[in-house]
Amino acid sequence: MKIFKDNSNLQTNLTLNFMMDISSQELQKRLQDGENVNVLDVREEWEHEEMNIGNSKLIPLAELPFRLAEIEAWKAEEVVVYCYSGNRSGRAKEFLQSKGFEKVRNLLGGISEYFEE
């Protein structure tokens, strides 16, 4: 009798999901190099007004299910999602992937780490 379930697929999926995320350094370099990156801020409006990554699209996490049409064109493109620390953007990443967005990356450490660099 097997007591423990084989979690190798789960571990592989978690590893691949993490590898798809992006560091602050990588995003900063790409933006400084003039790359056109789709950046989505899932914080609240007041947070975005205080501090944001230039040219990012603001759609608060709670509104994301109702405003997907605004970013439908990004479905097959890379999308970098951020919040303050990476938690809300992690949930947004999972949601977007479940809706068919193929290349969603979470900004590790969020905007707090991005501006700490």
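Asks: Can you help me understand the overall build of the chain in this one?
Replies: Scanning the chain for helices and strands turns up five helices and four strands. Counting all 117 residues of the chain, 38% fall into the buried class. Sequence separation of 24 or more characterises 69% of the internal contacts of the chain that already satisfy a separation of 6 or more.

Asks: Explain helix H2 (residues 24–32) to me, please; I cannot follow it from the model alone.
Replies: Note on helix geometry: an α-helix contains 3.6 residues per turn, so any two residues three or four positions apart are oriented the same way. Listing the buried residues of H2 in full gives Ser 24, Leu 27, Gln 28 and Arg 30. Axial view of H2: buried residues confined to an arc of 165°, hence all on one face. Of the residues one or two after H2, Gly 34 is the one with positive phi, at around 85°.

Asks: Please explain the pairing of strand E3 (residues 78–82) as it appears in this structure.
Replies: Successive side chains on a regular strand alternate, one facing one side of the sheet and the next facing the other. Of all five residues that make up E3, four are buried, and the element is covered over most of its length. Bridging between strand E1 (residues 38–41) and E3 involves four bridges; their strand directions are parallel. Within the sheet, the bridge partner assigned to Asn 38 lies in E3 and is Val 79. Where E3 lies against strand E4 (residues 103–106), four bridges are found, and the strand directions are parallel. Across the sheet, the residue bridging to Val 80 is Arg 105, located in E4. Tracing the backbone out of E3, into helix H4 (residues 87–98) and back to the parallel element E4 gives a crossover that is right-handed.

Asks: How do you make sense of H4 when you look at a structure like this?
Replies: Given a rise of 1.5 Å per residue, 12 residues ought to cover 16 Å, and the 17 Å separating the end C-alpha atoms of H4 matches this to within 8%. Along H4, the residues that are buried comprise Ser 89, Gly 90, Ala 92, Lys 93 and Leu 96. Seen end-on, H4 carries its buried residues on one side only, within an arc spanning 160°. In H4, the exposed residues that point more than 90 degrees away from the buried face are Asn 87, Glu 94 and Ser 98.

Asks: I keep staring at a negative patch on the surface and nothing clicks. Help me out?
Replies: Taken together, the side chains of Glu 44, Glu 45, Glu 49 and Glu 50 define an acidic patch exposed on the protein surface. Relative to the elements of secondary structure, Glu 45 occurs in helix H3 (residues 45–50).

Conventions and cut-offs
- Residues numbered from 1 in each chain as written.
- Predicted model: local features only at pLDDT ≥ 70, side-chain atom pairs only at ≥ 80, totals over all residues.
- Heavy atoms only, no water.
- Helix = DSSP H or I, 4+ residues; strand = E, 2+ residues; numbered from the N terminus.
- Buried < 20%, exposed > 50% of the residue type's maximum accessible area, 1.4 Å probe, protein only.
- Contact = heavy atoms within 4.5 Å.
- Arc of directions from axis to C-beta.
- Pairing = 2+ DSSP bridges.
- Right-handed = clockwise from strand over helix to strand, strands pointing away.
- Expected span 1.5 Å × (residues − 1).
- Patch = residues over 30% accessible without salt bridge, like charges linked within 9 Å, V, L, I, M, F, W, Y side chains within 5 Å.
- Areas by Shrake-Rupley, 256 points an atom, 1.4 Å probe, with all protein chains shown as cover.
- Salt bridge = Lys/Arg side-chain N within 4 Å of Asp/Glu carboxyl O.
- Lys, Arg positive; Asp, Glu negative; His and termini not counted.
- Charge placed at Lys NZ, Arg CZ, Asp CG, Glu CD.

Any functional reading would require information beyond the geometric quantities listed.
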